[in-house]
Amino acid sequence: MNIIKIVSWAILGIILFSSLFFTGFITLLTDWWWFSEIGFTEIFLTSLKAKLGMGIVAGLVALTFLTLNLYLATSSKTPWVVILPKELMGQQFNLDKKFIKRIGTLVSSAVALIIAFIAGANWYRLLTFLSATPFGQVDPLFGRDVGFYIFSLPVFTFALNLINFLILVSLISTVIIYLLRGSINFSDIIEKLNLKSIGLPKIKIENRTDPKARMHVGILLALFMTTLAGNTYLSLFSLLTSQSGPVFGPAFTDANVMVPLLYVSVFIYALGALLALYYGISGKLFPLLSIVFLTAILGFASSILPSLFQRLVVAPNEFAKETPFIKHNIAATREAYGLKNVQERTISADKPLTSAEIAANNLTIKNVRLWDREPLLSTFSQIQEIRTYYEFASVDNDRYIIDGEIRQIMLSPRELSAESLPAKTWINEHLTFTHGYGITAGPVNQVTAEGLPVLFVKDLPPKSEKKELQITRPEIYYGELVNDYVIVKTLAKEFNYPKGEENVFDTYKGNGGVAMDSLLKRLVYALQYSSLKMLLSADISSESRIMYNRNIKERVAKLAPFLTYDKDPYLVTVDGKLYWILDAYTVSSRYPYSQPVSLNGSQVNYIRNSVKAVVDAYDGSITLYQSDPNDPIMKTYAKIFPTSFKKLSDMPKNLAAHLRYPEDIFSLQTEIYTTYHMDEPQIFYNKEDQWEVPEDVQSEAQAAEKETDKPNTMLPRHMIMKLPEEDKEEFILMLPFTPRSKDNLSAWMVARNDGENYGKLVEYRFPKDKLVFGPKQIIARINQDAEVARQITLWDQRGSQVIQGPLLVIPIEESLIYVRPLYLKAESGKIPELKRVIVAYENKVVM
């Protein structure tokens, strides 16, 4: 019966392993075809070779090490039998050497396989280590280049942890085998401790510990202690990416107490390795046990001394002691977040605004953003989706030259939602309804008599009132919605768009997707997507092409998983075609002394917007451009994948004109800048001039809809305006600041987007001795205005809801105006209409 169970489990294991291997092979094959189709086989092959190379080498080393120790532990010139005690097994049970070897080999293989998978999954660490680019900046404590912490230290730590685990498994399994075969005798070990000297009776020793077994265990113990010494040494460098004092990074106590203690720990563990070898040779255990005693004392000292030193030495004169470390933190944080070269300007904000200045800033006024994303998205969905299976997933903000002048345009792609198809058959989902169609676009500041947005591009097929926004290739096969695979160029016509009572069909004319030009590919994809219909369908021919990984973020992330991506890809139209632009970042959490912040749920303390990914919405082709070639991490990836990244200067000029500074990195930079605009250690230490991003005050009804008690902070806004001291309008990203726990304005920051000024950050600071109204104060004044309050109260009745748009802070020359749109939405409808615009200037509020 036991044999039948063993055989059954063995067969089940073989089936499971074969299934996993076969599934992995199918996925690998479809990935290879996909990378080949988009022209990035370099990334696929380089990463695959690194995964296999690291996995195989690590697995073989682990298997060799484990089996060698197994062989040494089980080998003997004389036959031996393991006798397990009756109390353990319930009956006398003999295990021969062959059985022990089989079990040991099985365990060794399993551990080696786990190590191989872990090593293979960390392929990028090894590649970046081998191609590391120096930062040219050294940390002030140990004098090492920053590249050591970002590229080398993770590899050393990872490798040591794997080795430590491997040695520990070998040590435990070896000791167990020696105990079972009787080669190690605890009584013998206790006698070595010379316990008779402390009054304990002498133990009668029947079998002495085998010297070969003792030597084997001693060597493994020495190796284990050596890895502990190595890990302790590497933990020295982790002080630079942790916080124990007033700022992130090592403080005075770390540098003067923790560093010496860690060096002592390294010495003790190294000494322990030597004493472990001494035990293996001589059999004397007491010197080795003294290391345990010393380690315990050192651990106690490490928990007591730093706090005592901090309290008695540092705390009485903390600022003087910590000043050098505060300086290091400020300098490193500003460098790591690209804030080192922020241009600082001062404006008075109290200069009277004249009609001549308004006329001189006419384009700024013409591009005041009255339509916000949420109400505009809701309006587009109601008036331009046309059919239930179309969906507007996002609204993107960009600038275009319209009729010879720069205009800010809100643009939204009309994507296909497979979930909303009226008849969800396989043919409809994968062969017929394959793509979205066209866009809806309009200026941010114009409105019809009914309160709806003016549309420059609308309807199906898309009709454009402006030649600059003409769409000649409106099909959207790749977008933001998560859709399944589709097959194009089949005998089944593809739905293009509805026209009256009929539908217009077409056939895909591009080269996107993988050609299904063989029976093998049809079979593989049928297995990949568990679809027998794909294999049997008469509509699929050798000309057909399968498109998958069609979500923009997932598509680019699969291509370059070593980058971090902005949450908002945006669509642009260039020469009649539609392109997605997605910003990618190189990030790290290991930059010495730099203050960490949260990005997409992960902690980072270094970030650069180093890549612009451009995806053709029609054929899915991807181009990666280096937007920050000076970034050492980007330089490293460019070494690893030399043909995969193009220079930003290679981007077509009409496409480069639509690049914009991404909101995610600007939000991180402004979050950091609220504290790190203070570059004087004394001011920084006392937090005398700390800022914060203003609260975005909404109506009670809007706050209730979001079901949160947390105040929402203002979001960065793209807008067109002429900056103070500049000659012409430009596209900028802007965010104001207020003092911590105060409502008046302290400053505002912009990120410039156009031409040679792209990426430059400018901070405009207001005088501290003057009151400049902040957003919350202006909204309070608006709510206190009798005419405004009366109108809002009137509209909020009779089944209507007032939606108060975001407050826009708009600098004009040396003055500020504040603009807030009001939308009206019927409770039974979903079309917000722009009804009023509130403008505040100094003490005046008008609607």
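Thresholds applied
- Residues numbered from 1 in each chain as written.
- Predicted model: local features only at pLDDT ≥ 70, side-chain atom pairs only at ≥ 80, totals over all residues.
- Heavy atoms only, no water.
- Helix = DSSP H or I, 4+ residues; strand = E, 2+ residues; numbered from the N terminus.
- Buried < 20%, exposed > 50% of the residue type's maximum accessible area, 1.4 Å probe, protein only.
- Contact = heavy atoms within 4.5 Å.
- Core = buried A, V, L, I, M, F, W, Y, C linked by side-chain atoms within 4.5 Å.
- Phe/Tyr/Trp six-rings, centres within 6.5 Å; stacked < 30°, edge-to-face > 60°.
- Lys NZ or Arg CZ within 6 Å of the ring centre and 35° of its normal.
- Axes fitted to C-alpha atoms, helices over the stretch in contact; angles between N-to-C directions.
- Parallel < 35°, antiparallel > 145°, perpendicular 65-115°, else oblique.
- Left-handed = near helix turned anticlockwise from the far one by under 90°.
- Nonpolar A, V, L, I, M, F, W, Y, C, P; charged D, E, K, R; others polar.
- Arc of directions from axis to C-beta.
- Polar contact = N/O pair within 3.5 Å; in protein donor to acceptor, adjacent residues only side chain to side chain.
- Pairing = 2+ DSSP bridges.
- Salt bridge = Lys/Arg side-chain N within 4 Å of Asp/Glu carboxyl O.
- pLDDT = per-residue confidence, 0-100.
- Patch = residues over 30% accessible without salt bridge, like charges linked within 9 Å, V, L, I, M, F, W, Y side chains within 5 Å.
- Areas by Shrake-Rupley, 256 points an atom, 1.4 Å probe, with all protein chains shown as cover.

Digging into the overall build of the protein
For the protein, the count of helices and strands is 25 helices and 34 strands. If you line up the protein on its principal axes, its C-alpha atoms span 105 × 80 × 55 Å. Here the protein holds 847 residues, and 51% of them are scored as buried. Long-range contacts, defined as pairs at least 24 residues apart, comprise 66% of the intrachain contacts of the protein with a sequence gap of at least 6.

Concerning unusual backbone geometry
In this structure, proline 461 follows leucine 460 across a cis peptide bond, with omega equal to -10 degrees. Along the chain, proline 461 turns up in the loop between β9 (457–458) and β10 (463–464). One non-glycine residue, isoleucine 386, adopts positive backbone phi at about 70 degrees. Within the secondary structure, isoleucine 386 sits in the loop between α14 (373–383) and β4 (390–392). Looking at isoleucine 386, the relative accessible area reads 40%, which means it is partly exposed.

A word on the environment of valine 111
With respect to the helices and strands, the residue valine 111 is situated in helix α4 (residues 97–121). The class of valine 111 is buried, set by a relative accessible area of 11%. For the pair formed by valine 111 and threonine 636, sequence separation is 525 residues and the distance between their alpha carbons is 32 Å. What valine 111 contacts, discounting residues up to four positions off in sequence, is Leu66, Phe165 and Val169.

Some remarks on the nonpolar core
Of all hydrophobic cores here, the largest spans 139 residues; its most connected members are Met534, Ile546, Leu559 and Leu624. The dominant element in this core, judged by the number of residues it contributes, is helix α6 (residues 146–181), at ten residues. The residues contacting leucine 559, other than those within four sequence positions of it, are Trp34, Phe35, Ile38, Phe40, Ile43, Ile622 and Leu624. Ile347, Leu723, Ile779 and Val802 belong to the second largest nonpolar core, which has 31 residues in total.

Some details on the packing of aromatic side chains
Per the counting criterion, the structure on display carries 42 aromatic pairs. Where tyrosine 673 meets phenylalanine 737, the ring centres are 6.4 Å apart and the plane angle is 40 degrees; that geometry is what we call tilted. Taken together, the positions of tyrosine 673 in helix α21 (residues 663–676) and phenylalanine 737 in strand β27 (residues 730–739) put the pair 64 residues apart, joining distant regions of the chain. Members of the aromatic cluster, connected to one another through ring pairs, are Phe129, Phe142, Phe148, Tyr149, Phe156, Tyr233 and Phe237. Positioned above the aromatic ring of phenylalanine 148 is the side chain of arginine 144, whose terminal nitrogen or guanidinium carbon lies 4.4 Å from the ring centre. Seen from the ring of tryptophan 33, lysine 521 lies directly overhead, with NZ or CZ sitting 5.4 Å from the centre.

Remarks on the packing of helix α11 (residues 318–336) against α21
Look at α11 against α21: their axes get within 11 Å of each other, and the N-to-C directions meet at 155 degrees. Here α11 is positioned roughly antiparallel relative to α21, judged by the angle of their axes. In this structure, α11 meets α21 at a crossing whose hand is left-handed. Across from Asn329, Ile330, Thr333 and Arg334 in α11, the residues of α21 making contact are Ile672, Tyr673 and Tyr676. Within the contact of α11 with α21, the residues separate by chemical class into four nonpolar, two polar and one charged.

What about helix α18 (residues 552–559)?
Among all positions in α18, only Ile552, Arg555, Val556 and Leu559 are buried. Relative to the axis of α18, the buried residues are bounded by an arc of 85 degrees and lie together on one face. For α18, the N-terminal capping position is held by asparagine 551, with its side-chain oxygen 3.2 Å away from the main-chain nitrogen of lysine 553.

Some remarks on the sheet that holds strand β16 (residues 545–547)
In space, the three strands of this open sheet follow the order β12-β16-β15, with antiparallel pairing throughout. Unpaired on one side and paired on the other, β12 (486–488) and β15 (514–515) mark the two borders of the sheet. Of the pairings in the sheet, the one linking β15 to β16 comprises two bridges and is antiparallel in character. Bridge pairing in β16 links valine 514 to isoleucine 546.

A closer look at the environment of tyrosine 529
On the secondary structure map, tyrosine 529 appears in the loop between α16 (519–528) and α17 (532–536). Separated by 70 residues in sequence, tyrosine 529 and aspartate 459 have C-alpha atoms that sit 35 Å apart. If we ignore the near neighbours within four places in the chain, the residues touching tyrosine 529 are Asp484, Tyr485, Met534, Ile546 and Tyr548.

Remarks on the pairing of strand β28 (residues 747–752)
The buried fraction of β28 amounts to six of the six residues, a majority that puts the element mostly inside the structure. Side chains Ala747, Met749 and Ala751 project from β28 onto one buried face, and the interleaved Trp748, Val750 and Arg752 project onto a second face that is buried too. As paired strands, β27 and β28 are joined by six bridges and run antiparallel to one another. Bridge pairing links methionine 734 to valine 750 in β28. Sheet analysis places β28 next to strand β29 (residues 761–765), joined by five bridges and oriented antiparallel. Bridged to alanine 747 within β29 is arginine 765.

Quick notes on the pattern of salt bridges
The final tally for this structure, using the stated rule, is 29 salt bridges. For the salt bridge of aspartate 372 with arginine 717, the shortest nitrogen-to-oxygen distance reads 2.5 Å. Of this pair, aspartate 372 sits in the loop between α13 (362–366) and α14 while arginine 717 sits in strand β26 (residues 717–721); the two residues are 345 residues apart in sequence, bridging distant segments of the chain. Neither aspartate 372 nor arginine 717 differs from the other in exposure class; each is buried. In this structure, a network of salt bridges that share partners links the residues Glu335, Lys340, Arg608 and Asp628.

Notes on the environment of proline 211
The topology assignment puts proline 211 in helix α8 (residues 211–238). We classify proline 211 as partly exposed; its relative accessible area is 47%. Taking C-alpha positions, proline 211 is 85 Å from lysine 830, a pair spaced 619 residues apart along the chain.

Focus: the confidence of the model for the protein
For the protein, the mean per-residue pLDDT works out to 87, and 90% of the residues sit at or above 70. Within the protein, helix α23 (residues 700–706) has the poorest average pLDDT of any element, 47, and strand β23 (residues 622–626) the best, 97. Low pLDDT, under 50, characterises residues 699–708; the predicted model gives this stretch 13 contacts beyond four residues in sequence or across chains.

Points about the pairing of strand β22 (residues 606–616)
A regular strand places its side chains on the two faces of the sheet in alternate fashion. Counting buried positions along β22 yields eleven of eleven residues, so the element is predominantly enclosed. Here strand β19 (residues 577–588) runs beside β22; their pairing, made up of nine bridges, is antiparallel. When the bridges of β22 are listed, alanine 584 appears paired with valine 611. Linkage of β22 to β23, two consecutive antiparallel strands, is achieved through a turn of five residues, within which glycine 620 is found at a positive phi near 75 degrees.

Focus: the packing of helix α5 (residues 123–130) against α6
Look at α5 against α6: their axes get within 8 Å of each other, and the N-to-C directions meet at 135 degrees. When the axis of α5 is compared with that of α6, the two are oblique. As α5 packs across α6, the resulting crossing turns out to be left-handed. On α6, the residues touching Arg125, Leu126, Thr128 and Phe129 of α5 are Phe151, Ser152, Pro154, Val155 and Phe156. In terms of residue class, the contact of α5 with α6 is made up of six nonpolar, two polar and one charged.

Details of a nonpolar patch on the surface
A cluster of nonpolar residues, Phe300, Ile304, Leu305, Leu308, Leu312 and Val313, forms a patch on the protein surface that exposes about 550 Å² of accessible area. By secondary structure assignment, the location of phenylalanine 300 is in helix α10 (residues 286–314). A residue is classified by how much of its surface remains accessible, and phenylalanine 300, at 57% relative accessible area, is exposed.

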